[in-house]
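# Structural overview
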Amino acid sequence: MKAKKILFVNQEITPYLPESEMSLIGKNLSETMQEEKHEIRTFMPKWGTINERRGQLHEVIRLSGMNLIIDDTDHPLIIKVASIPTSRIQVYFIDNDDYFSKRQMLENEQGEEYPDNGERAIFFARGVLETVKKLRWVPDVVHCQGWMSAVVPFYIKTAYKDEPSFANTKVVSSLFQNRFKGDFGNNFKRCVEFRDAKSSLLDGYDEKFDFVELGKMAIDYSDGVVEAGENVNPVLLQYAKDKNLPLLNYPGKDVVKTVYSEFYDKIYGEDSCE
């Protein structure tokens, strides 16, 4: 087994968010791969429910300050960082006043899903990829977990395909249970357009991106898929199988290091016995 550089793009990580199937995997998988001597970087959004003082987050000035244009509007990118106390793993947080710091994850206090959730996912994806470029770090594998990370595979294979940081990167997407009911509205395809990530590439998907359409897009631009929960969306699971992509079936609640390491080796085209 050869050590790799692995970028984890997470929607949730405990202890910054309450324990859930996704937040526990977000923490445990990063820790396990670090113990396996892989070099890792871990990202997540800086949701408004995260207590910065308790989590000891602080802004990284040298990485902040870029403006990302989405739907003809400038949105400042703020990067913060903290370390998980039990493992000292650094977590980079993507922040923006409009999209994250003043808001909850999926819906507002009244239980209404945010109408610009699609734009938030786009900003998060571009924020992660631009920050990795600034770090001058070249990941072998990018592992995306959660609907918030689902735009990342599309961008890596289109807008960022010629960037030195991502030219040879393999992408893995994890499938989880559906946690939102609505869709991203009619402007997602327009807003996602950036460089070679043309909106015309999404003509085959429904006009309104919901959880299933977003998952299909992530699968289409990934090199491998993980069935990361007990109750993943059956339509997406079958879609991944029909694509004949390498598929890691549900490995159980506990993160088994050899299972994931061997899967990364398979995706990267290496013999796991090296």
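Here, the structure is the one placed above.
This one's a predicted model, so the numbers in the text were calculated from it and none came from an experiment.

### Side note on the packing of aromatic side chains
In this structure the tally under the stated criterion is 20 aromatic pairs. Both rings, one in Phe154 and one in Tyr155, keep their centres 5.9 Å apart while their planes meet at 35°; by these two values the pair is tilted. The buried category is assigned to Phe154, whose relative accessible area is 0%. For the pair Phe154 and Tyr221, a centre-to-centre distance of 5.0 Å together with 80° between the ring planes defines the contact as edge-to-face. Placement of Phe154 in helix H5 (residues 152-157) and of Tyr221 in the loop between helix H7 (211-220) and strand E10 (224-227) is noted, with a sequence separation of 67 residues between them. Three or more aromatic residues joined by ring pairs make a cluster, and in this case those are Trp147, Phe180, Phe184, Phe188, Tyr205, Phe209 and Phe211. Its end group placed over the ring of Phe194, Arg126 keeps NZ or CZ at 3.8 Å from the ring centre. The ring of Tyr160 carries the charged tip of Arg195 above its face, separated from the ring centre by 5.0 Å.

### Describing helix H8 (residues 234-242)
Note on helix geometry: an α-helix contains 3.6 residues per turn, so any two residues three or four positions apart are oriented the same way. By the burial criterion, the buried members of H8 are Leu236, Leu237 and Ala240. Looking down the long axis of H8, one finds its buried residues gathered within 100° of arc, a one-sided arrangement. Residues of H8 that are exposed and angled more than 90 degrees away from the buried face: Pro234 and Asp242. Those residues of H8 hidden inside the fold are in contact with strand E9 (170-175), H7, E10 and strand E11 (247-248). Between the side-chain oxygen at the start of H8 and the backbone nitrogen of Val235 there is a gap of 2.9 Å, and the oxygen is on Asn233.

### Quick word on the pairing of strand E8 (residues 141-145)
Within E8, five of the five residues are buried, leaving the element largely enclosed by the surrounding structure. Burial of E8 is two-sided: the residues Val141, His143 and Gln145 facing one way and the residues Val142 and Cys144 facing the other way are all buried. Bridging between E8 and E9 involves five bridges; their strand directions are parallel. Each residue of the ladder has a partner; that of His143, found in E9, is Val172. Each parallel crossover has a hand, and for E8 linked through H5 to E9 it is right-handed.

### Considering the environment of Tyr250
Among the secondary structure elements, Tyr250 is positioned in the loop between E11 and helix H9 (257-267). Using a relative accessible area of 25% as the deciding quantity, one classes Tyr250 as partly exposed. In contact with Tyr250, other than residues within four places in its own chain, are Glu21, Glu227, Ala228, Gly229 and Glu230.

### Regarding H7
Among the 10 residues in H7, eight count as buried, and that is most of the element. Of all the residues in H7, the buried ones are Phe211, Val212, Glu213, Leu214, Gly215, Met217, Ala218 and Ile219. Among the structural elements, H5, E9, helix H6 (188-192), E10 and H8 are those in contact with the buried residues of H7. For H7, the side-chain oxygen to backbone nitrogen distance between the N-cap and Val212 is 3.2 Å, and the N-cap itself is Asp210.

Parameters at a glance
- Residues numbered from 1 in each chain as written.
- Predicted model: local features only at pLDDT ≥ 70, side-chain atom pairs only at ≥ 80, totals over all residues.
- Heavy atoms only, no water.
- Phe/Tyr/Trp six-rings, centres within 6.5 Å; stacked < 30°, edge-to-face > 60°.
- Buried < 20%, exposed > 50% of the residue type's maximum accessible area, 1.4 Å probe, protein only.
- Helix = DSSP H or I, 4+ residues; strand = E, 2+ residues; numbered from the N terminus.
- Lys NZ or Arg CZ within 6 Å of the ring centre and 35° of its normal.
- Arc of directions from axis to C-beta.
- Contact = heavy atoms within 4.5 Å.
- Polar contact = N/O pair within 3.5 Å; in protein donor to acceptor, adjacent residues only side chain to side chain.
- Pairing = 2+ DSSP bridges.
- Right-handed = clockwise from strand over helix to strand, strands pointing away.

All quantities given are derived from atomic positions and should not be read as evidence of function.
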